[in-house]
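# Chain and residue survey
Each chain, written out:
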Amino acid sequence: GTMSGSGSEAPQPSEEAEVRLQEAEQDWAAAKAFYDNLVTKRPRPPKPQNAITVAVSSRALFALVEERRIYEEQGVEKYVEYQQNNENVTLKPGPAFYFVKALEHVNARLLELYPDDEERFDIVLMTNNHAQVGVRLINSINHYGLTIERFCMTGGQSPVGYLTAYLTNLYLSADSEKVQEAIEAGIASATMFTANKDVAYSDTQLRVAFDGDAVIFSDESEQIVKEQGLDRFFEHEQLNENKPLAQGPLKGFLEDLGKIQRKFCAKNERLNCPIRTYLVTARSAASSGARVLKTLRSWGLEIDEALFLAGAPKGPILAKIRPHIFFDDQMFHVEGAQKLGTIAAHVPYGIAQKHHKSS
């Protein structure tokens, strides 16, 4: 605060306190120098304000179906005991695993081009597991050679406060209630579902597919469809063609991907860019496509491929793209994608949610 009066009543720092302060500063400098001199091949995790932080839950990263059953049927004690007894048994990949691997491939390419830059993906394991389960998670992460340095093991507490503290750009979990809570806190978030088939994913290019309305854009259009029908919606979109749509919960993540893509373009790697983005929307191009494309343009966002399906199912197109992740706000599309082997993630945002809150 400000000092009142002439300032003479303000206590002068004693010599002793001055000395202590200097010693503390020296300690800090020494600790930092010690840490900086440790030789390591691993890049240090970036500072959260520079990184694109992707928080993943343990059930999104690994297949923990059997473990989950023990937890639900026999309780937390038996679950922890089981995890400890099996801590040298490597966990199998879960629905977010290949997405995380693809992010790490992008990081490796970024580090080659920009060795001193911290603007890259940072994967945080965000789990409400108890710390005792940590050893098995660490062993499995090391087994696959993943670079996940930051762990938050919240022991049953909600992770949302930590997500905010880490400036999380995307949160993926298998727990729809936590995802809902994160979305309500303004964090881009989705519930992961395992694909029903084993599909080979690209190891050299991260592919991310987004639905449009209520994912990249707001759910304004879906509200009109639900309340006034499709014809009224087409009319509305044509009238408002030059008025950008409001942003949806995953616009920021699409922006993050674009920022990284531009770093490759800046080094003449446009043709060899390890990220490709797709818009896969049920909109029809002729009657309601222009507004979407003009909105993206007004935001300065480029999407690599835009697929307007005019109400056709999304599954077959997605099976062709083979994205590491596909975001949609409607479970109907998530399930359709899943059946054909696509890893789909449900974004619980907007009017589409009111109709299946119970499920």
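Computed from a prediction, not measured in an experiment: that's the story for all the values here.

A word on the overall build of the chain. Each helix and strand counted, the chain has 15 helices and 12 strands in total. Overall, the chain is about 80 × 60 × 45 Å in size when its C-alpha atoms are taken along their principal axes. Buried residues in the chain amount to 45% of all 359 residues. Within the chain, contacts between residues at least 6 apart in sequence are counted, and of these 75% link residues at least 24 apart. In the form shown here, the chain has an accessible surface area of approximately 18,700 Å², with 51% of it arising from carbon and sulfur atoms. Put simply, the chain has 39 plus and 48 minus side-chain charges, and the middle of one group is 7 Å from the middle of the other.

The next thing to look at is the sheet that holds strand 1 (residues 52–56). If you walk across this open sheet you meet the 10 strands as 5-4-1-6-7-12-11-8-9-10, and the pairing is mixed. Every interior strand has two partners, whereas the edge strands, strand 5 (150–153) and strand 10 (305–308), have only one. For this sheet, the mean angle separating the axes of adjacent strands, direction not counted, is 25°. In the sheet, strand 9 (residues 275–281) pairs with strand 10 via four bridges, with the strands oriented parallel. Across the sheet, residue Leu 279 finds its bridge partner in strand 10, namely Ala 306.

Close approach of charged atoms allows side chains of opposite charge to pair. Applying the stated rule across the entire model yields 22 salt bridges. For Glu 67, the salt bridge goes to Arg 136, with nearest N and O atoms at 2.8 Å. Of the two residues, Glu 67 sits in helix 3 (residues 65–74) while Arg 136 sits in helix 6 (residues 134–143), which places them 69 residues apart along the sequence. For Glu 67, a relative accessible area of 5% puts it in the buried group. According to the relative accessible area criterion, Arg 136 is buried, its value standing at 4%. Here Arg 150 and Asp 122 are joined by a salt bridge, their closest N and O atoms 2.7 Å apart. Remark: Asp 122 occurs in strand 4 (residues 121–127) and Arg 150 occurs in strand 5; sequence separation between them is 28 residues. Take Arg 150: its relative accessible area is 18%, and that puts it in the buried class. For Asp 122, a relative accessible area of 5% translates into the label buried. Each of Asp 117, Glu 119, Asp 256, Lys 259 and Lys 263 takes part in a single network of salt bridges with overlapping partners.

When we look at burial in helix 6, the residues that qualify are Gly 134, Arg 136, Leu 137, Ser 140 and Ile 141. Seen from one end, helix 6 has its buried residues packed into an arc of 165°, which puts them on one side. Looking at the buried positions of helix 6, the neighbouring elements they touch are helix 2 (58–61), strand 2 (62–63), helix 3, helix 4 (76–85), strand 4 and strand 5. Backbone geometry just after helix 6 places Gly 145 at a positive phi near 65°.

For the chain, the domain assignment lists domain 1 (48–192) and domain 2 (206–357). In this complex, domain 1 contributes 27 residues to the contact, which on the side of domain 2 involves 28 residues. For the pair domain 1 and domain 2, the two sides together bury roughly 2,400 Å², of which 72% comes from carbon and sulfur. Linking Lys 263 and Asp 117 is a salt bridge whose minimum nitrogen-to-oxygen distance equals 2.7 Å. If you look at where domain 1 meets domain 2, you find seven residue pairs in polar contact (both at pLDDT 80 or more). Contributing elements (two or more residues each) for the side of domain 1 that touches domain 2: strand 1, helix 5 (97–113), strand 6 (168–173), helix 8 (176–184) and strand 7 (189–193). Broken down by element, the side of domain 1 that touches domain 2 gets its largest block of residues, nine residues, from helix 5.

One finds Leu 61, Phe 99, Phe 210, Phe 253 and Phe 327 to be the most contacted residues of the largest nonpolar core, which totals 63 residues. Of the residues forming this core, the biggest block, seven residues, is contributed by helix 5. Domain assignment of the residues forming this core places at least three in each of domain 1 (48–192) and domain 2 (206–357). Residues contacting Phe 253, with those up to four places away along its chain left out, are Ile 52, Val 54, Phe 99, Phe 121, Asn 169, Leu 170, Val 208 and Phe 210. Membership of the second largest hydrophobic core comes to 11 residues, among which are Leu 318, Phe 326, Met 331 and Ala 344.

Basis of the calculations
Residues numbered from 1 in each chain as written. Predicted model: local features only at pLDDT ≥ 70, side-chain atom pairs only at ≥ 80, totals over all residues. Heavy atoms only, no water. Helix = DSSP H or I, 4+ residues; strand = E, 2+ residues; numbered from the N terminus. Buried < 20%, exposed > 50% of the residue type's maximum accessible area, 1.4 Å probe, protein only. Contact = heavy atoms within 4.5 Å. Areas by Shrake-Rupley, 256 points an atom, 1.4 Å probe, with all protein chains shown as cover. Lys, Arg positive; Asp, Glu negative; His and termini not counted. Charge placed at Lys NZ, Arg CZ, Asp CG, Glu CD. Pairing = 2+ DSSP bridges. Axes fitted to C-alpha atoms, helices over the stretch in contact; angles between N-to-C directions. Salt bridge = Lys/Arg side-chain N within 4 Å of Asp/Glu carboxyl O. Arc of directions from axis to C-beta. Domains from an automatic or database assignment. Buried area = accessible area lost by both parts, 1.4 Å probe. Polar contact = N/O pair within 3.5 Å; in protein donor to acceptor, adjacent residues only side chain to side chain. Core = buried A, V, L, I, M, F, W, Y, C linked by side-chain atoms within 4.5 Å.

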